[in-house]
Amino acid sequence: MSSPGKASPTKPVHQLDGVSKAIIEQLQVDGRRSYAEIGKAVGLSEAAVRQRVQKLTDSGVMQVVAVTDPMQLGFYRQAMIGIRATGDTRVLADALAALPEVDYVVLTAGSFDVLAEVVCENDDELIALLNSRIRALPGVLSTETFVYLKLHKQLYNWGTR
């Protein structure tokens, strides 16, 4: 994964060799896998894997994070909000990204100018977020909310292709 907005649609910012791709794929299976285990799987020493992982994270190509289940943490309402806007959508995207309930923001083409995924404790919090904070942002013309009923699939292991 490259820095947002930096990659050309036809050429990636970073060219990865097969070993780096294999390291990333190993970490996508289990982000807690030891460097020694990864080294055995990809044919490198533990130290070499550590250096490669450090280089991949320092460059922004990847990050190793803990992914939580919002429901298990008391966040029972998730939704995707489609936003129609006027003006510079990048400014709006920055304002949305600053909201703690927002975990994903993309600029889009089509029916919506911006999509924002939100995670809330309940429907009352979602209503307050929509009415008091998102719809009040400069440039927001309208919103359409897609409430998640059940998360059917969410994976972060699509690999490096």
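Look up a bit, the structure's there.
Described below are features of the structure shown in this document. (Residues numbered from 1 in each chain as written. Predicted model: local features only at pLDDT ≥ 70, side-chain atom pairs only at ≥ 80, totals over all residues. Heavy atoms only, no water.)

Let's talk about the pattern of salt bridges
Once the charged atoms of two side chains with opposite charge are near each other, the side chains can pair. Using the criterion set out here, one finds six salt bridges in the structure. For Arg77, the salt bridge identified is with Asp123, shortest N-O distance 2.5 Å. Taken together, the residues span a long stretch of sequence, with Arg77 in strand β1 (residues 77-85) and Asp123 in helix α5 (residues 123-134) at a distance of 46 residues. Classification of Arg77 as buried rests on a relative accessible area of 17%. (Salt bridge = Lys/Arg side-chain N within 4 Å of Asp/Glu carboxyl O. Helix = DSSP H or I, 4+ residues; strand = E, 2+ residues; numbered from the N terminus. Buried < 20%, exposed > 50% of the residue type's maximum accessible area, 1.4 Å probe, protein only.)

Focus on the pairing of strand β3 (residues 114-120)
The element β3 is extensively covered by neighbouring structure, given that six of its seven residues are classed as buried. Bridge analysis of β1 against β3 gives seven bridges, and the strand direction is antiparallel. Looking at β3, one finds that Ala79 is bridged to Val118. Looking at chain direction, strand β2 (residues 102-107) and β3 are connected through five bridges and run antiparallel. The residue of β3 that forms the bridge with Leu107 is Val114. Taken together, β2 and the strand that follows it, β3, pair antiparallel across an intervening segment of six residues, in which Gly110 is found at a positive phi of about 120°. (Pairing = 2+ DSSP bridges.)

Quick look at the sheet that holds β3
Here we have four strands laid out as an open sheet, ordered β2-β3-β1-β4, and antiparallel in their pairing. Looking at strand neighbours, the two that pair on one side only are β2 and β4 (140-147), the edges of this open sheet. The sheet shows a mean angle of 20° between the axes of neighbouring strands, direction not considered. On top of the sheet, helix α4 (residues 89-97) reaches β1, β2, β3 and β4; it is set at about 170° to β2, its chief contact. Sitting on the sheet, α5 is in contact with β1, β3 and β4, with an inclination near 140° to β3. (Axes fitted to C-alpha atoms, helices over the stretch in contact; angles between N-to-C directions. Contact = heavy atoms within 4.5 Å.)

Some details on the layout of surface pockets
Of the voids in this model, the second largest pocket is the one considered here, and its volume is about 220 Å³. If you trace the second largest pocket, you find 14 residues lining it, with Asp69, Pro70, Met71, Gln78 and Leu151 closest to the centre. Residues of the lining of the second largest pocket, tallied by class, amount to eight nonpolar, three polar and three charged. (1 Å grid on protein atoms, 1.4 Å probe; cavity = no way out; pocket = protein on both sides within 12 Å on 5 of 7 lines; lining within 4 Å. Points joined across faces, edges and corners; volume = space filled by probe spheres on them. Nonpolar A, V, L, I, M, F, W, Y, C, P; charged D, E, K, R; others polar.)

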